[in-house]
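# Inside the fold
Below are the chains, spelled out letter by letter.
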Amino acid sequence: MDKVKCHAYRNTKLCTKDCLCLFVCPTGATNNETGQIDFSKCIGCGVCALSCPSRAITMIPNEMPKIQPKDKNVVDQLFINTNNKIKEIRILKYLLTKATNEEEKKLIKALLHSNRVIIEDLMREAEFMIPQSKKSYALLKLLSKDGQVKDKVNRLLDNIKFNIENKK
Ligand code: SF4
Ligand code: SF4
């Protein structure tokens, strides 16, 4: 298997500016006035990430790997689970309008939040939240017909590298 080509990314929030990465980089890519690593100079050797004491540098693949196909039965089941969670959310929202005290409201709000997180997980599992997937592309194409979100969705369509044949 070919070695995955990577480039270095610096998390400026973690960087303590001790400049070790500046000394070890063979191309000078880390020495950049913007605080970010110069992608055009980085050869992906990874030395900066290994030497950074603050773990502020991550090596990121230049191209995202293709997604493994998921069995249709698994995706169907994920949708069933998602729909059940959506039904639970409707019930919880109704209960919230009937709550008689703060404790009840707090509990219902916590359950609503947890259901939303579970739905996100389920959709991610079903490949709808992996930005470069074919399914996300189809979903965004559908959403691009909605006037309210059209501009934002079209920006995503222009900028994400989808894993679809004949498309970069
Ligand atoms: S080695 Fe790490 S902490 Fe030091 S300047 Fe570079 S990125 Fe920042
Ligand atoms: S990965 Fe190598 S070339 Fe790229 S910034 Fe780090 S040390 Fe420099």
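Just so it is clear, the model here is predicted, and its values are computed rather than measured.

Around ligand 2 sit 15 residues in total, of which C25, A29, C42, C45 and C48 are the nearest. A breakdown of the residues in the shell around ligand 2 according to their chemical character gives 11 nonpolar, 4 polar and no charged.

Structurally, R55 is set in the loop between α2 (47–51) and β2 (57–61). Taking C-alpha positions, R55 is 7.4 Å from L14, a pair spaced 41 residues apart along the chain.

For the pair helix α3 (residues 72–98) and helix α4 (residues 102–125), interaxial distance at closest approach is 9 Å and the crossing angle is 160°. The orientation of α3 relative to α4 falls into the category roughly antiparallel. The hand of the α3/α4 crossing is left-handed. Contact residues: L78, N81, T82, K85, E88, I89, L92, L95 and L96 in α3; K105, I108, L111, L112, N115, I118, I119, L122, M123 and E125 in α4.

It is worth spelling out the domain arrangement of the chain at this point. For the chain, the assigned domains read domain 1 (6–61) and domain 2 (72–159). A C-alpha centroid distance of 36 Å is found between domain 1 and domain 2.

With a phi close to 70°, C19 is a non-glycine residue in the positive phi region. Its place among the elements puts C19 in the loop between β1 (6–10) and α1 (20–24). With 11 C-beta atoms counted inside 10 Å, the residue C19 sits in the exposed group. The residue R55 is not glycine, and still its phi comes out positive at about 50°. The class of R55 is exposed, set by 10 C-beta atoms lying within 10 Å.

Reading guide: rules and limits
Residues numbered from 1 in each chain as written. Chains lettered and ligands numbered in written order. Predicted model: local features only at pLDDT ≥ 70, side-chain atom pairs only at ≥ 80, totals over all residues. Near = placed C-beta within 6 Å. Nonpolar A, V, L, I, M, F, W, Y, C, P; charged D, E, K, R; others polar. Helix = DSSP H or I, 4+ residues; strand = E, 2+ residues; numbered from the N terminus. Axes fitted to C-alpha atoms, helices over the stretch in contact; angles between N-to-C directions. Parallel < 35°, antiparallel > 145°, perpendicular 65-115°, else oblique. Left-handed = near helix turned anticlockwise from the far one by under 90°. Contact = placed C-beta atoms within 7 Å. Domains from an automatic or database assignment. Buried ≥ 20, exposed ≤ 12 C-beta atoms within 10 Å, placed from the backbone.

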